[in-house]
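What follows is the residue order along each chain.
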Amino acid sequence: MSDLIIKPVDSVHIYIECEESLARELNEYFTFLVPNYQFTPAYKKRKWDGQIRLFNLYSRRIYTGLLNYVIKFAVDRGYSYENQVTNEDTITKENMLDLLTNLKVSANGEKIVPHDHQVKAIYHALKKNRSLLLSPTGSGKSLIIYYLMRYYLDNIDVDKKILIIVPTTGLVSQMYNDFKDYSSMDDWDISKNAHVIFSGQDKVSDKRIIISTWQSIYKMPMEYFENFSVVFGDECHLFKAKSLTSLMAKTKNCPYKIGTTGTLDGSQTHKLVIEGLFGPVFNVVKTKELMEKELLSNLTIDCITLQYNQDSIKEIKRAKYMDEIKWLTQKKERNDFITNLCCKLKGNTLLLFNYVEQHGIPLHTMIQKAYPNEKVFLIHGGTDTEQRERIRKIVDTESEAILVASYGTCSTGINIRNINNVVFGSPSKSVVRVLQSIGRGLRKTKTKDKVKLYDISDDLSHKSYKNHTLRHLDERIKIYTNEEFKFDKTNVRIEGDKHEQLL
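Please read these numbers as outputs of a predicted model, since none were measured by experiment. (Residues numbered from 1 in each chain as written. Predicted model: local features only at pLDDT ≥ 70, side-chain atom pairs only at ≥ 80, totals over all residues. Heavy atoms only, no water.)

Asker: Could you clarify how one ought to interpret helix α3 (residues 67-76) in this entry?
Answerer: An α-helical segment advances 3.6 residues per turn. Residues three or four places apart therefore align on the same side. Of all the residues in α3, the buried ones are Leu67, Tyr69, Val70, Ile71, Phe73 and Ala74. At its buried positions, α3 is contacted by β1 (4-8), β2 (13-17), α1 (20-29), β5 (61-63), β6 (81-83) and α12 (268-278). Gly78, located one to two residues past α3, shows a positive phi value of around 75°. (Buried < 20%, exposed > 50% of the residue type's maximum accessible area, 1.4 Å probe, protein only. Helix = DSSP H or I, 4+ residues; strand = E, 2+ residues; numbered from the N terminus. Contact = heavy atoms within 4.5 Å.)

Asker: It is not clear to me how the sheet that holds strand β12 (residues 209-213) should be interpreted in this structure. Could you clarify?
Answerer: The strands making up a sheet associate through backbone hydrogen bonding, with each pair oriented either parallel or antiparallel. Here we have seven strands laid out as an open sheet, ordered β11-β12-β10-β13-β14-β9-β15, and parallel in their pairing. A strand with exactly one partner marks an edge of an open sheet, and here the two such strands are β11 (194-197) and β15 (281-283). Across the sheet, the mean angle from the axis of one strand to that of its neighbour is 20°, orientation sign disregarded. Judged from the five bridges that link them, strand β9 (residues 130-134) and strand β14 (residues 256-261) form a sheet pairing that is parallel. Directly across from Ser131, in β14, lies its bridge partner Ile258. Contacting β10 (161-166), β11, β12 and β13 (228-234), helix α7 (residues 169-182) crosses the sheet at an angle of about 150° to β12. (Pairing = 2+ DSSP bridges. Axes fitted to C-alpha atoms, helices over the stretch in contact; angles between N-to-C directions.)

Asker: Hey, could you run me through the environment of Tyr407 in this one?
Answerer: Residue position: Tyr407 is located in helix α19 (residues 407-410). We classify Tyr407 as buried; its relative accessible area is 2%. With 17 residues separating them along the chain, Tyr407 and Phe424 place their C-alpha atoms 9.3 Å apart.

Asker: Honestly, the confidence of the model for the protein in this entry has me stumped. Any pointers?
Answerer: Detail in the predicted coordinates should be disregarded across regions flagged by low pLDDT. Per-residue pLDDT for the protein has a mean of 88; in total, 97% of the residues score no lower than 70. Across residues 499-503, confidence stays below pLDDT 50; counting only partners more than four residues off in sequence or on other chains, it has 16 contacts. (pLDDT = per-residue confidence, 0-100.)

Asker: Would you mind going over the packing of helix α5 (residues 116-128) against helix α6 (residues 141-155) with me for this structure?
Answerer: Packed helices, taken two at a time, are described by the angle their axes make and the gap between the axes. Two numbers describe how α5 lies on α6: the axes approach to 10 Å, and their chain directions differ by 40°. It follows that α5 is oblique to α6 by the angle criterion. Crossing geometry of α5 relative to α6 is assigned as right-handed. The residues of α6 that touch α5, namely those facing Gln118, Ala121, Ile122, Ala125 and Leu126, are Leu143, Ile144, Tyr147, Leu148, Tyr151 and Tyr152. For the contact of α5 with α6, the residue count by class is ten nonpolar, one polar and no charged. (Parallel < 35°, antiparallel > 145°, perpendicular 65-115°, else oblique. Left-handed = near helix turned anticlockwise from the far one by under 90°. Nonpolar A, V, L, I, M, F, W, Y, C, P; charged D, E, K, R; others polar.)

Asker: Looking at this model, I keep getting lost on the pairing of β10. Mind explaining?
Answerer: A regular strand places its side chains on the two faces of the sheet in alternate fashion. Judged by how many residues are buried, β10 sits mostly within the fold: six of six residues are covered. On β10, burial covers both faces: Lys161, Leu163 and Ile165 on one face and Ile162, Ile164 and Val166 on the other are all buried. Where β10 and β13 come together, five bridges link them in parallel fashion. Opposite Ile165, over in β13, you have Gly233 as the bridge partner. The pairing of β10 with β12 spans five bridges and is classified as parallel. By the bridge assignment for β12, Leu163 is matched with Ile210.

Asker: Please explain the packing of aromatic side chains as it appears in this structure.
Answerer: Two descriptors summarise a pair of aromatic rings, namely the distance from one centre to the other and the angle between the planes of the rings. Going through the model one piece at a time under the given rule, you end up with 16 aromatic pairs. Taken together, a centroid distance of 6.4 Å and an interplanar angle of 65° make the contact between Tyr146 and Tyr147 edge-to-face. Comparing Tyr146 with Tyr147 shows no difference in burial state: the two are buried. On the basis of an interplanar angle of 55° and a centroid distance of 5.4 Å, the ring pair of Tyr146 and Tyr182 is categorised as tilted. Here Tyr146 is found in helix α6, whereas its partner Tyr182 is found in helix α7, with 36 residues between them in sequence. Judged on exposure class, the residue Tyr146 and its partner Tyr182 are both buried. Ring pairs connect the aromatic residues Tyr146, Tyr147, Phe179, Tyr182 and Trp188, which therefore count as one cluster. (Phe/Tyr/Trp six-rings, centres within 6.5 Å; stacked < 30°, edge-to-face > 60°.)

Asker: Help me understand the nonpolar core, please; the structure alone is not making it clear to me.
Answerer: In this structure, Tyr152, Ile164, Phe179, Phe232, Leu403 and Tyr480 are the most contacted members of the largest nonpolar core, which totals 80 residues. Top contributing element to this core by residue count: α6, with ten residues. Every residue in contact with Leu403, bar those within four places of it in the chain, is listed here: Thr349, Leu350, Leu351, Phe377, Leu378, Ile379, Ile391, Val395, Cys410 and Ile416. Counting 48 residues, the second-largest nonpolar core is a separate cluster that includes Ala74, Trp214, Leu272 and Phe278. (Core = buried A, V, L, I, M, F, W, Y, C linked by side-chain atoms within 4.5 Å.)

Asker: Whenever I open this one, the packing of helix α20 (residues 431-439) against helix α21 (residues 468-483) confuses me. Can you help?
Answerer: Remark: α20 packs on α21, axes separated minimally by 10 Å, with the N-to-C direction vectors making an angle of 60°. As summarised for this structure, α20 and α21 are arranged oblique, according to the angle between their axes. The handedness of the crossing between α20 and α21 is right-handed. On the side of α20, the interface is formed by Val431, Val434, Leu435 and Ile438, while α21 contributes Arg476, Ile479, Tyr480 and Glu483.

Asker: Sorry, what's going on with the pairing of strand β19 (residues 402-406) here?
Answerer: Most of β19 sits inside the fold, with five of its five residues counted as buried. Side-chain alternation along β19 places Ile402, Val404 and Ser406 on one buried face and Leu403 and Ala405 on a second face that is also buried. Looking at chain direction, strand β17 (residues 349-353) and β19 are connected through five bridges and run parallel. Residue pairing in the sheet places Leu351 in a bridge with Val404 of β19. Where strand β18 (residues 376-379) lies against β19, four bridges are found, and the strand directions are parallel. Note on β19: the bridge partner recorded for Leu378 is Val404. Traced from β18 through helix α18 (residues 385-397) to β19, the parallel crossover comes out right-handed. (Right-handed = clockwise from strand over helix to strand, strands pointing away.)

Asker: Would you mind going over the side chain of Asn129 with me for this structure?
Answerer: One can find Asn129 in the loop between α5 and β9. If we skip the residues at most four places from it in the chain, Asn129 touches Asn87, Glu88, Asp89, Pro255, Tyr256, Lys257 and Ile258.

Asker: I'm lost on the sheet that holds strand β16 (residues 298-307) in this one. Help?
Answerer: Strands sit in the order β18-β19-β17-β20-β21-β16-β22 across an open sheet of seven strands; the sheet is parallel. The sheet is open, and its two edges are formed by β18 and β22 (486-493), each paired on a single side. Neighbour-to-neighbour, the strand axes of this sheet turn through a mean angle of 20°, independent of strand direction. In the sheet, strand β20 (residues 421-424) pairs with strand β21 (residues 450-459) via four bridges, with the strands oriented parallel.

In structure tokens:
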């Protein structure tokens, strides 16, 4: 008899039959410290030890998507195993190519053909049934989802539905409109086949495709999810959240699960959680490769480090992180610099910020007063869906507009093709946020083939001490280097000297 017998339970979990001692080994192997656990209230109150345990020692269950990791565990440690779980489909490349050629897919009224990397992703997803497609912004993830959705509509039980989960209301509308565009030359009507859900919308529909924010449905009972046989998780790097894992745990009768994202945060814990829910990561293509193929705009980065006088440095030296952030967002000279920069850049500019009341609204007001063009817009969490979509369309048709937007609303998923400049007005070291934000400007148009990022940081160092936000720059430099992005460094003194020389 094998040391481990791996058995299917449902579409969420597999069961590991093994001895108690081996189960304890598995439990230890699949136990990880959660990043930044020490800052959580539960850890501070000693109600949680900061660890996540992916293998349940008592039920002997683990997420289905971690099957390969269980097998690796057995092989690496010399244990025999019997795998009774089958995941792969029998689809052939010929079947998949028939799908691609039979569908009349268009964009902006013109017929389109999927790129090689999209074909590769579609075939992989259909073959594996469960997968996490890692493909950067601008690689056409919504088109990949569209092809897969159309295949599943024709090839799965007609009594079952397809659920597409996105993180924001803006992305619900965007996904629906993308599908409408893709099918405009086809006889397939999105309005007859898809129902959208966000706040206030009915959660039940006879239509076979449901496009919803996770916030709208995660509290729905288990019975609600029994109607679905396919789940797509767009921007699924967010699925590490407890509310989303609880949602996915309800999809026990859903064998087809496809996650798409442009970035993962580099944490092994979060990667395993998301892979467990959807399936192993499949690297579709890298941003640098898309640039080289001229499918994305060419990116250049200017890392601008603002220099302050000694009086300012003494005022804020060795401050706690939030105190430093508050000081920077209220620093008049810094906000003047950002305002002047945005007003003098050519083309459309996206200025990203972290804090709405503290920073975003004041910056928007300052730019409105200083910018003669009057095409200055503001988007944040309080901006309703229709207004966001209206602003997005305006900016896409303008040539000298400034969009002041929060990272939360515009760093993930929102599709604004016509961005020439991106300005980081607030510091961040998050891999996901940095790469998703850069992605807002990478999309190529007939009139735009390059984009420039202005990465603003602040040098408030005192003797050997390096301040928080300057250390964040070091982390972003590592990201740029890893992605093979071109970048230059510029120091600009903003107190006492003019700073027009940058432009």
